[in-house]
Amino acid sequence: MTSKTQGYIFALLAITIFSLQDAISKHLASTYPPIFVTMIRYWAFAGFTIILASKMRGGLKATARTKRPLLQVTRGVLLAVQVVLAITCFAVIGLARSQAIFSATPILIALLAMPILGERVGWRRWAAIGGGLFGVLLILKPEGGFFDVKLLLAIISCFNFAFYVIATRLVSRNDSSMTSFFYTGVVGGITMTLVGPFYWSWMAPGDWGWMALVCMTSISSHYFLIRAYDILDAAAVQPLTYLSLVYASIIGVTIYGETLSFNMVVGSAIVVAAGIFTVWREHVVGRRVTAAS
């Protein structure tokens, strides 16, 4: 098996496990506060990152060394907030529709990269951005003539994650991926520990099993994703992440009784196509810049 094949297998494992994690999180969030669920999940995640960092060359001290401490802390907080928002969306909006809106994140990243990162966007990516936004409008189209205000939560979540990715790109100019991963887990764990106890809920004995499964999927999915990025470029991994929308639709319809409207299916297809093209163009332009420098 070639290393590239292994990379794709790791990516598929990560995406599949992430989808299972989302489904279980939706189940728990229907009974317990999403902040509480996120706190327990982050405790396991933070523990995993600390153990992993301690095994790296130079140990914890070397891994925690950063040239952009404020930006690293900001990243950690943004992702912790993102997890809470996403779990809330799964509970109140549904898996399928939430993931359909989340699929627009690469398009938002391309928009934000212009003023924040100073990246130039040509007419091809502008066309993809415009098409993707049209797809989002189809997904958000009011059913029964009334716009569902709850969908704004998914849009806020989309922007929040886009800012997280932009911050990650900025910090990657100075810090290693392992350092960023370490701060993601530790800062997120600390953030949720400061807030989560105010939402503490005593869980039913059977639900602790589901919570343990969420923690295990959180650890394993991030581990496989790290392995995938060790082998593959981000441009190769990103298109595969749209499988989350397929998984969410299948799980949402078969287990949670969600429905897929015509507008949502067509809008999702447009958003996914625009997102894949946007990521591909970023990769092509990036390679040209690297070759020219």
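Keep in mind it's a predicted model, so treat the numbers as computed, not measured.

A few words on the overall build of the chain. A count of helical and extended segments in the chain gives 13 helices and zero strands. Helices (α) and strands (β) of the chain occur, in sequence order from the N terminus, as α-α-α-α-α-α-α-α-α-α-α-α-α. Overall size of the chain, expressed as C-alpha extent along the three principal axes, is 60 × 55 × 40 Å. Buried positions account for 49% of the 293 residues belonging to the chain. Taking the intrachain contacts of the chain between residues at least 6 apart in sequence as the baseline, contacts between residues at least 24 apart amount to 89%. About 14,300 Å² of surface is accessible on the chain, with carbon and sulfur atoms providing 69% of the total. Where the 22 positive side-chain charges of the chain centre and where its 10 negative ones centre are 11 Å apart.

We now examine the packing of aromatic side chains. Enumeration over the complete set of coordinates arrives at 11 aromatic pairs. Taken together, Tyr32, Phe36, Trp200 and Trp202 form an aromatic cluster joined through their ring pairs. The ring centre of Tyr256 lies 4.9 Å from the NZ or CZ of Lys26, which sits over that ring.

As a further point, take the state of the cysteines. Scanning the entire structure with this criterion turns up zero disulfides. No disulfide involves Cys158; its sulfur sits 9.1 Å from that of Cys89, the nearest cysteine.

In this structure, Pro239 sits in the loop between helix H11 (234–237) and helix H12 (243–254). For the pair formed by Pro239 and Trp208, sequence separation is 31 residues and the distance between their alpha carbons is 34 Å.

Here the focus is the pattern of salt bridges. Overall, the coordinates contain one salt bridge when judged by the stated rule. A salt bridge links Lys26 to Glu258; the nearest nitrogen and oxygen atoms lie 4.0 Å apart. Of this pair, Lys26 sits in helix H1 (residues 3–29) while Glu258 sits in the loop between H12 and helix H13 (262–292); the two residues are 232 residues apart in sequence, bridging distant segments of the chain. Each member of the pair, Lys26 as well as Glu258, carries the same accessibility label: buried.

Note on helix geometry: an α-helix contains 3.6 residues per turn, so any two residues three or four positions apart are oriented the same way. With 18 residues, helix H7 (residues 123–140) should cover 26 Å at 1.5 Å per step; its first-to-last C-alpha distance of 26 Å lies within 8% of that length. Among all positions in H7, only Arg125, Ala128, Ile129, Gly132, Gly135, Val136, Leu138, Ile139 and Leu140 are buried.

What follows is about the confidence of the model for the chain. With 92% of its residues at a pLDDT of at least 70, the chain reaches an overall mean of 86. The secondary-structure element of the chain with the lowest mean pLDDT is H11, recorded at 67, while helix H4 (residues 69–92) shows the highest, at 94.

In this section: a nonpolar patch on the surface. A contiguous nonpolar patch, built from Ile190, Leu194, Val195, Phe198 and Tyr199 and spanning about 550 Å² of accessible area, is present on the exposed surface. Residue position: Leu194 is located in helix H9 (residues 177–195). On the basis of relative accessible area, Leu194 is assigned to the exposed category, the value being 62%.

Thresholds applied
Residues numbered from 1 in each chain as written. Predicted model: local features only at pLDDT ≥ 70, side-chain atom pairs only at ≥ 80, totals over all residues. Heavy atoms only, no water. Helix = DSSP H or I, 4+ residues; strand = E, 2+ residues; numbered from the N terminus. Buried < 20%, exposed > 50% of the residue type's maximum accessible area, 1.4 Å probe, protein only. Contact = heavy atoms within 4.5 Å. Areas by Shrake-Rupley, 256 points an atom, 1.4 Å probe, with all protein chains shown as cover. Lys, Arg positive; Asp, Glu negative; His and termini not counted. Charge placed at Lys NZ, Arg CZ, Asp CG, Glu CD. Phe/Tyr/Trp six-rings, centres within 6.5 Å; stacked < 30°, edge-to-face > 60°. Lys NZ or Arg CZ within 6 Å of the ring centre and 35° of its normal. Disulfide = S-S within 2.5 Å. Salt bridge = Lys/Arg side-chain N within 4 Å of Asp/Glu carboxyl O. Expected span 1.5 Å × (residues − 1). pLDDT = per-residue confidence, 0-100. Patch = residues over 30% accessible without salt bridge, like charges linked within 9 Å, V, L, I, M, F, W, Y side chains within 5 Å.

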